[in-house]
Amino acid sequence: MDRETGRPGTGLRTDPRTPLPGVARAPRPRLAQGVPGAPPPPAARRPHRRGLRLSAAVGVGLLLAGGGVVAVDRLGQDRAAPAPLTPAGRALAAAGAGRPAALADLAALIGERRERVRRAPADPASWAVLGAALAERAARSGAPGAYTEAERALQRALAQGGTPDVRALTGLAVLAAARQDWAGAVRWGEAARDRAPGRVGAYRVLLEAYPGTGDAEGADRALERLRKVRPGPVAEVAAAWVHRERGWREDAEATVYDAAARAATPAERAAALSRAGDLAWERGEAETALARYEGALRAEPEHDGAAAGRARALAGLGRSEEALTAWARARAAAPRPGYAVESGELLLALGRSAEAADHFALARHQAAALARDGVRQEPVLGRLEADHGDPAEAVRLLTEEHRRHPGPAASGALGWALHKAGRSAEALPRLRAAVKDGPNTARPAYHLGMVHLALGERGAARRQLTRALRLAPQFSPLHAERARRELAALGEPAWGPPPA
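Thresholds, definitions, all that
Residues numbered from 1 in each chain as written. Predicted model: local features only at pLDDT ≥ 70, side-chain atom pairs only at ≥ 80, totals over all residues. Heavy atoms only, no water. Helix = DSSP H or I, 4+ residues; strand = E, 2+ residues; numbered from the N terminus. Buried < 20%, exposed > 50% of the residue type's maximum accessible area, 1.4 Å probe, protein only. Contact = heavy atoms within 4.5 Å. Areas by Shrake-Rupley, 256 points an atom, 1.4 Å probe, with all protein chains shown as cover. Phe/Tyr/Trp six-rings, centres within 6.5 Å; stacked < 30°, edge-to-face > 60°. Core = buried A, V, L, I, M, F, W, Y, C linked by side-chain atoms within 4.5 Å. Salt bridge = Lys/Arg side-chain N within 4 Å of Asp/Glu carboxyl O. Lys, Arg positive; Asp, Glu negative; His and termini not counted. Expected span 1.5 Å × (residues − 1). Axes fitted to C-alpha atoms, helices over the stretch in contact; angles between N-to-C directions. Parallel < 35°, antiparallel > 145°, perpendicular 65-115°, else oblique. Left-handed = near helix turned anticlockwise from the far one by under 90°.

1. Looking at the overall build of the chain
Across its full length, the chain holds 24 helices and two strands. Buried positions account for 48% of the 500 residues belonging to the chain. Considering only contacts within the chain whose residues lie at least 6 apart along the sequence, 56% involve residues at least 24 apart. Surface exposure of the chain reaches about 23,300 Å², of which carbon and sulfur atoms provide 54%.

What follows is the structure in structure tokens.
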């Protein structure tokens, strides 16, 4: 039973706070055995009468690698043993299985497909694969220009006519999600799902996009379908984030821990470990979070989310100079303006206001570059303006964001901007909704506590500020200290009968 939510737990006995097996070692592919829904090991599969069936991934590898050597199967008949997959083949196989590809393999696939479309510019399949690979790279690199290049390739695939290629539809959904256009991601993701209900990619996008539009039931349906189509680590990492969005932290930690232990590739392991780090960080366990993020970075050194998480954890542990170096690594991996905002807030907490201002200016510059590439920047700019700029501009930006994508995150962000603009009474219901309906994390509770304080509601302010620090004592190098100061000023509650 989850002590915080009162909701039954998953029944898994795994303790998410113990070190993951193999975190300090290089990840090894492993087969999930004894797990309901997991594929049996090769020896347990019944051979076809004329030889063993090749998997879809092996078939792709044969096409790209140009064949294989001859081997003898258990029935004594000759069969072609697959040659090792090329890097491009590995990326294509990962896409077919719904797994994240290694960034180096993704780059190889992009190069190979660029050459194909140069030789055959009317080939819609090659344009679809190229566009989908570019969209995934844009989502993971955050580089300005990458989004427009991906969109052009995907639109070129659809412009060839005929039945739309599901890879192009899925790529457009991935691209819309990377641009934080959640409505567009739902539209393209549902089109891809309807075109090929058995493919995994559409469900992964929809699980991210539905919460952005405030459709929690849609996320539940997509997760149920994904678990049927592809049970295993991919589904469990997605499930963990759905549980997290609902505030079911015990379930989220158990499922993502299991996914990390069963991951078959370094990129898959990095994705699961980074999510495990996020959940540990939100639970206030900085040491555990740091170990998870460092494990993810050993599996995939270019994982920017793990690099950013490591920076947060180091800051929470008081290792500020190491944290600033880690933030520089995260910004180098992906120029996301949110990273510059967070590193600027750390500098501000250290009293280095001039350097912090430079980081905030960098965040605005990066946001402008991404906006030109079609990436929506209202959430990060709204946060920046509310806390370190023009709160009225933050209200304008976040009102538009909430109109487009209603949900707990947008409601909470708008509520905080209203409070900073001096409109705390308007902010209160929005922040209450964010705390009630969103993930059980510290920052919304802190925001709600500060609004209660501004309205003179001392008891409610004390409860929410205490809750924020109990959830994660170092949730922000800047705001956690402010919460402690305000609690100290509030003092202990006065017990006894109310005044007559």
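2. Quick word on the packing of aromatic side chains
Applying the stated criterion to the full structure yields three aromatic pairs. Both rings, one in Trp416 and one in Tyr446, keep their centres 5.9 Å apart while their planes meet at 45°; by these two values the pair is tilted. Separated by 30 residues along the polypeptide, Trp416 in helix α20 (residues 408-420) and Tyr446 in helix α22 (residues 442-454) bring together distant segments of the chain. A single burial state applies to Trp416 and to Tyr446, both of which are buried. Residues Tyr446 and Phe475 carry aromatic rings whose centres are separated by 5.5 Å and whose planes lie at 50° to one another, so their mutual orientation is tilted. Separated by 29 residues along the polypeptide, Tyr446 in helix α22 and Phe475 in the loop between α23 (458-471) and α24 (479-490) bring together distant segments of the chain. Residue classification places Tyr446 among the buried positions, given a relative accessible area of 1%.

3. What about the nonpolar core?
Residues Trp327, Ala330 and Leu346 are the most contacted members of the largest nonpolar core, which totals 37 residues. For this core, the secondary-structure elements that each account for two or more residues are α11 (249-262), α12 (266-282), α13 (286-299), α14 (304-316), α15 (320-333), α16 (337-349), α17 (353-372) and α18 (378-388). If we ignore the near neighbours within four places in the chain, the residues touching Ala330 are Asp304, Ala307, Ala308 and Tyr339.

4. Focus: the pattern of salt bridges
Summed over the entire model, instances satisfying the criterion amount to 35 salt bridges. Between Glu115 and Arg118 there is a salt bridge, and its shortest N-O distance comes to 2.5 Å. Separated by three residues within a single helix, Glu115 and Arg118 lie in helix α3 (residues 103-119), roughly one turn from each other. The class of Glu115 is partly exposed, set by a relative accessible area of 31%. Here Arg484 ties to Glu481 by a salt bridge, and the two come within 3.5 Å at their closest N and O atoms.

5. Thoughts on the side chain of Asp373
Counting through the fold element by element, Asp373 comes out in the loop between α17 and α18. Of the side chains with opposite charge, Arg179 comes closest to the buried, unpaired Asp373, at an N-O distance of 4.5 Å. Ignoring any residue separated from it by four or fewer positions in sequence, one finds Asp373 in contact with Ala143, Pro144, Gly145, Ala146, Tyr147, Thr148 and Arg179.

6. Concerning α16
Its 13 residues place the ends of α16 19 Å apart at the C-alpha level, agreeing with the 18 Å of an ideal helix rising 1.5 Å per residue. Burial analysis of α16 places 10 of its 13 residues in the buried class, which makes it a mostly covered element. Those residues of α16 hidden inside the fold are in contact with α14, α15, α17, α18 and α24. Of the residues flanking the end of α16, it is Gly351, one or two places downstream, whose phi is positive at about 80°.

7. Structural notes on the packing of α14 against α15
Running from amino to carboxyl end, α14 crosses α15 at an angle of 165°, the nearest separation of the two axes being 8 Å. Taken together, α14 and α15 sit at an angle that is classed as roughly antiparallel. Of the two possible hands of crossing, α14 and α15 adopt the one that is left-handed. Across the interface between the two elements, Asp304, Ala307, Ala308, Arg310, Ala311, Arg312, Leu314 and Ala315 of α14 pack against Glu322, Ala323, Ala326, Trp327, Arg329, Ala330 and Ala333 of α15.

In short, geometric facts, not functional conclusions.
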